[in-house]
Amino acid sequence: MIRSGGCLCVGVGYEVTGDPAQPVACHCSQCARTSGNYAVMAAWPASELVLTASESLAWFRSSDSASRGFCTRCGGNLFWREEPEGDKIYVAMGTLDQPTGLRLAGHIFVGSKADYYEIADGLPQKPGW
Ligand SMILES: [Zn+2]
Ligand SMILES: [Zn+2]
């Protein structure tokens, strides 16, 4: 199965093939700072990502172990990958075209969760990765 997606201004577009590893919501402070809230991401093998538009895609090295891909025009938060040379691409699920046919599987880094919301969906929670 091929799923497509992109940012709000469509300067970045992509296709991913196959089903991702379990989609999780990450509550770490870095996802909050870049996405504006917690980030729901799903992982595909990096080789399964094809960019169909990339004119406004840029990468920000957010830590020693991660880079984040975003749109320089609309600010959309689309991807992150492990550094150096991670073999997976983590895709922000809100950028996938609907319907995704996917379900959230759980929550990670709940120990870093912001104080203005609760996690109440009954899904598994992990303090870290
Ligand atoms: Zn954009
Ligand atoms: Zn995170």
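Please read all numbers here as calculations on a predicted model, not as lab measurements. (Residues numbered from 1 in each chain as written. Chains lettered and ligands numbered in written order. Predicted model: local features only at pLDDT ≥ 70, side-chain atom pairs only at ≥ 80, totals over all residues. Heavy atoms only, no water.)

1. Some words on the pattern of salt bridges
Side-chain pairs of opposite charge can arise whenever the charged atoms involved come near each other. Considering all chains together, one arrives at 3 salt bridges under this definition. For Glu55, the salt bridge goes to Arg73, with nearest N and O atoms at 3.2 Å. With Glu55 in the loop between β5 (49-54) and β6 (57-63) and Arg73 in the loop between β7 (66-71) and β8 (77-82), this residue pair connects regions lying 18 residues apart in the sequence. Residue Glu55 is classed as exposed on the basis of its relative accessible area, which comes to 64%. (Salt bridge = Lys/Arg side-chain N within 4 Å of Asp/Glu carboxyl O. Helix = DSSP H or I, 4+ residues; strand = E, 2+ residues; numbered from the N terminus. Buried < 20%, exposed > 50% of the residue type's maximum accessible area, 1.4 Å probe, protein only.)

2. A short note on the UniProt feature "domain: CENP-V/GFA" (unreviewed entry) in the chain
According to UniProt, the positions carrying the feature "domain: CENP-V/GFA" (unreviewed entry) are residues 3-118. As annotated, residues 3-118 has a helix share of 6% and a strand share of 46%, and its two end C-alpha atoms lie 30 Å apart. (UniProt positions renumbered as here; feature names shortened; annotations may be inferred.)

3. With respect to the coordination of the zinc ion (ligand 1)
Donor atoms from the polypeptide that coordinate the zinc ion (ligand 1) comprise Cys7 (SG), Cys9 (SG), Cys71 (SG) and Cys74 (SG), at 2.3 Å from the metal. In this structure, the zinc ion (ligand 1) is coordinated by 4 donor atoms arranged in tetrahedral fashion, with angles at the metal of 102 to 118°. (Donors = N, O, S within 2.8 Å, 3.2 Å for Na, K, Ca; no water. Tetrahedral: all angles 85-135°; square planar, octahedral: opposite > 155°, others 65-115°.)

4. Some remarks on the sheet that holds β7
Strands sit in the order β6-β7-β8-β9-β4-β3-β10 across an open sheet of 7 strands; the sheet is mixed. Two strands in the sheet have a free side with no partner beyond their single neighbour: β6 and β10 (106-108). Averaged over all pairs of adjacent strands, the angle between their axes in this sheet comes to 30°, without regard to strand direction. Of the strand pairs in this sheet, strand β4 (residues 39-45) and strand β9 (residues 88-92) are connected by 5 bridges, and their pairing is antiparallel. Looking at β9, one finds that Pro45 is bridged to Lys88. (Pairing = 2+ DSSP bridges. Axes fitted to C-alpha atoms, helices over the stretch in contact; angles between N-to-C directions.)

5. Notes on the sheet that holds β5
Each strand in a sheet pairs with another by means of backbone hydrogen bonds, the pair being arranged parallel or else antiparallel. Ordered in space as β1-β2-β5, the 3 strands form an open sheet in which the pairing is antiparallel. One side of each edge strand has no neighbouring strand; the edge strands of this open sheet are β1 (2-6) and β5. Going from strand to strand, the sheet's axes swing by 15° on average, the running direction of each strand aside. In terms of strand pairing, strand β2 (residues 12-17) meets β5 through 5 bridges, oriented antiparallel. Bridging from a neighbouring strand, Gly13 pairs with Ala53 of β5.

6. Some points on the pairing of β4
With respect to burial, β4 is a largely interior element, 5 of its 7 residues being buried. For strand β3 (residues 24-26) and β4, the ladder comprises 3 bridges, and the chain directions are antiparallel. Of the residues in β4, the one forming a bridge with Val24 is Met41.

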